[in-house]
Amino acid sequence: MSGPFPKDASKPPTFKRLLVDDYEKVTDARFQEACSRLGARVCPKVGLKEVLPIEGSSRS
C-alpha cells in the first residue's frame, strides 16, 4: 500500500515545500492577511485558469 507515509513508521514523512523563496513567502503572508479580513482563503500554487474562466481558452 503506498501513501504519504513511509513504510518505516519511525521516520517522519517528507513534504514538498509549496513556497520556495522569500518573495513567495512575503506575498503569501500579505494575501493571507488581506483575505482573512474578508473571510476568504488563499491557496498557493493554484493557477488562475483553474478557478476563473479565461476568454479564448479551452477551459472557459
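Heads up: the structure comes first, above all this text.
All values derive from a computational prediction rather than experimental measurement. Sequence order as written defines the numbering, with residues in each chain counted from 1. Predicted model: local features are reported for residues with pLDDT of at least 70 only, side-chain atom pairs are reported and counted for 80 or more only, and whole-chain, interface and lining totals are derived from all residues. The side-chain figures draw on all heavy atoms in the structure; neither hydrogens nor water molecules are used.

Participant: Quick rundown of the overall build of the protein? Include the residues and the values.
Facilitator: Labels follow the DSSP assignment, with helices taken as runs of H or I lasting at least four residues and strands as runs of E lasting at least two, numbered in each case from the N terminus. If you tally the helices and strands in the protein, you get one helix and zero strands. Among the 60 residues that make up the protein, the fraction classed as buried is 7%. Residue burial considers only the protein chains on display, and all accessible areas are found by Shrake-Rupley using a 1.4 Å probe. For the protein, the exposed area adds up to about 5,900 Å²; of that, 58% sits on carbon and sulfur atoms. Whether a residue is buried, partly exposed or exposed follows from its accessible area with a 1.4 Å probe, protein chains only, as a fraction of its type maximum: under 20%, in between, or over 50%, in that order.

Participant: Account for the pattern of salt bridges, with residues named and values stated.
Facilitator: Any Lys or Arg side-chain nitrogen found within 4 Å of a carboxyl oxygen on Asp or Glu counts as a salt bridge. Under the defined criterion, the tally for this structure stands at one salt bridge. When the shortest N-O distance is used, the salt bridge between R37 and E33 registers 3.1 Å. Note on R37: relative accessible area 62%, which makes it exposed. For E33, a relative accessible area of 48% puts it in the partly exposed group.

Participant: Kindly report on helix α1 (residues 22–36), identifying the contributing residues and their values.
Facilitator: Each full turn of the α-helix corresponds to 3.6 residues, which orients residues three or four apart in the same direction. Expected span of a helix: the number of residues minus one, times 1.5 Å. Taking 1.5 Å per residue as the helical rise, α1 with its 15 residues ought to reach 21 Å, and the 21 Å between its terminal C-alpha atoms agrees with that figure. At the N-terminal boundary of α1, the capping side chain belongs to D21, with an oxygen 3.1 Å from the backbone nitrogen of Y23. Distance and chemistry together define a polar contact, namely a pair of N or O atoms within 3.5 Å, with one atom able to donate a hydrogen and the other to accept it when in protein, and with adjacent residues in sequence counting only for side-chain atoms on both sides.

Participant: Residue-level account of the environment of K45, with values.
Facilitator: Tracing the sequence through the fold places K45 in the segment after α1. With 27 residues separating them along the chain, K45 and L18 place their C-alpha atoms 7.1 Å apart. Once residues lying within four places of it in the same chain are set aside, the contact partners of K45 are L18 and E24. Between two residues, a contact is recorded if the distance between any of their heavy atoms is within 4.5 Å.

Participant: Go over the environment of E24, please, and point to the residues and values.
Facilitator: Mapped onto the fold, E24 is located in helix α1. Taking the C-alpha atoms as reference, E24 lies 9.1 Å from P44; in sequence the two are 20 residues apart. Not counting residues up to four positions away in its chain, the partners in contact with E24 are L18, L19 and K45.

Participant: Got a sec to walk through the side chain of D28? Specific residues and values, please.
Facilitator: Topologically, D28 is positioned in helix α1. Setting aside residues no more than four positions away along its own chain, D28 makes contact with L19, V42 and P44.

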